[in-house]
Amino acid sequence: QVQLVESGGGLVQAGGSLRLSCAASGSIFVIDAMGWYRQAPGKQRELVAVITSGGNTNYVDSVKGRFIISRDNAKNMVYLQMTSLKPEDTAVYYCNARVVHTPFQRPDDYWGQGTQVTVSS
C-alpha cells in the first residue's frame with residue numbers, strides 16, 4: 001500500500017500564491033507519473049498538471065503560465081507552485097501517483113485525501 005499526504009492548501013486573495021506539497025510513502029519501487037487534480041463544487045475532477053519520472057510536464061490550459069509542477073524523486077514528493085491565483089482556481093486539490101511496487105509490474109494509481117484551496121476575490 002501507498003499513502004499520499006498533501007499539505008499547503010488554504011485561503012488566499014486573488015493574485016496571491018500557494019505551494020502544495022504531496023509526500024508518498026509505503027511500498028514503492030518507483031513512481032511513474034505524479035500529478036495534481038482538482039474538483040470544484042458541482043464539477044468533475046480535472047487534471048491540473050502532471051509530471052513524469054523524467055521531468056516532462058503537462059498542464060491544463062487554464063493554469064499554464066501560472067502554475068508549476070515539480071518533483072523530488074529521492075523524496076517521493078511532488079509540488080505545485082501556484083501563482084496569480086484566481087477565484088476560479090478554488091477547489092479541492094488531489095495528489096495522484098502511479099506507483100510500481102515491484103520490477104516489471106504495471107503501476108497502480110493512488111490518491112491523496114485532498115487539500116482545500118480557496119481564492120477570494
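Keep in mind that what you see is a predicted model, and the values were worked out from it rather than measured.

Moving on, we come to the state of the cysteines. Applying the stated criterion across every chain yields a total of one disulfide. Disulfide pairing is shown between Cys22 and Cys95; the S-S distance is 2.1 Å. Its torsion about the S-S bond being -80°, the disulfide of Cys22 and Cys95 is classed as left-handed. With Cys22 in strand β3 (residues 18-26) and Cys95 in strand β9 (residues 91-100), the pair connects residues that are 73 residues apart, well separated along the chain. For Cys22, a relative accessible area of 0% puts it in the buried group. By relative accessible area, which is 0% here, Cys95 ends up buried.

Attention now goes to the sheet that holds strand β7 (residues 67-72). Read across the sheet, four strands follow the order β1-β3-β8-β7 without closing on themselves; strand pairing throughout is antiparallel. Single-partner strands in this sheet number two, and they are β1 (2-7) and β7. The mean inter-strand angle of the sheet, taken between neighbouring strand axes irrespective of direction, is 15°. Sheet topology places β1 next to β3; six bridges connect them, and they run antiparallel. By the bridge assignment, Gln3 is partnered in β3 with Ser25.

Let us look at the pairing of β3. Strand direction decides the pairing type here: β3 and strand β8 (residues 77-82), joined by six bridges, are antiparallel. Its bridge partner being in β8, Ser21 is matched across the sheet by Tyr79.

What follows is about the nonpolar core. Grouped together as the largest cluster of nonpolar side chains are 30 residues, with contacts concentrated most on Trp36, Leu80, Met82 and Tyr93. Breaking this core down by element, the ones donating at least two residues are β1, β3, β4 (30-39), β5 (46-51), β7, β8, β9 and β11 (115-120). For this core, the leading source of residues is β9, giving five residues. Once you skip the residues sitting within four places of it in the chain, Leu80 turns out to touch Leu18, Arg19, Leu20, Trp36, Val48, Ala49, Phe67, Ile68, Ile69 and Tyr93.

Rules used in this analysis
- Every chain's residues receive numbers from 1 upward, in the order its sequence appears when written.
- Side-chain atom pairs in this predicted model are given and counted only at pLDDT of 80 or more, local residue features only at pLDDT of at least 70, and totals for whole chains, interfaces and linings cover all residues.
- Remark: hydrogens and water are excluded; side-chain values derive from all non-hydrogen atoms of the structure.
- Two cysteine sulfur atoms make up a disulfide if the distance between them is within 2.5 Å.
- For helices the rule is a DSSP run of H or I covering at least 4 residues; for strands it is a run of E covering at least 2, with both sets numbered from the N terminus onward.
- Burial here depends on accessible area, computed with a 1.4 Å probe over protein chains only, as a share of the maximum for the residue type. Under 20% is buried, over 50% is exposed, and the range in between is partly exposed.
- What makes two strands pair is DSSP finding at least two bridges between them.
- Lines fitted to C-alpha atoms define the axes here, with helix axes fitted over just the stretch in contact, and angles between the N-to-C directions of these axes take values from 0 to 180 degrees.
- Nine residue types can take part in a nonpolar core, namely buried Ala, Val, Leu, Ile, Met, Phe, Trp, Tyr and Cys, and a core is a set of them joined through side-chain atoms within 4.5 Å.
- We call two residues contacting when some pair of their heavy atoms lies within 4.5 Å.

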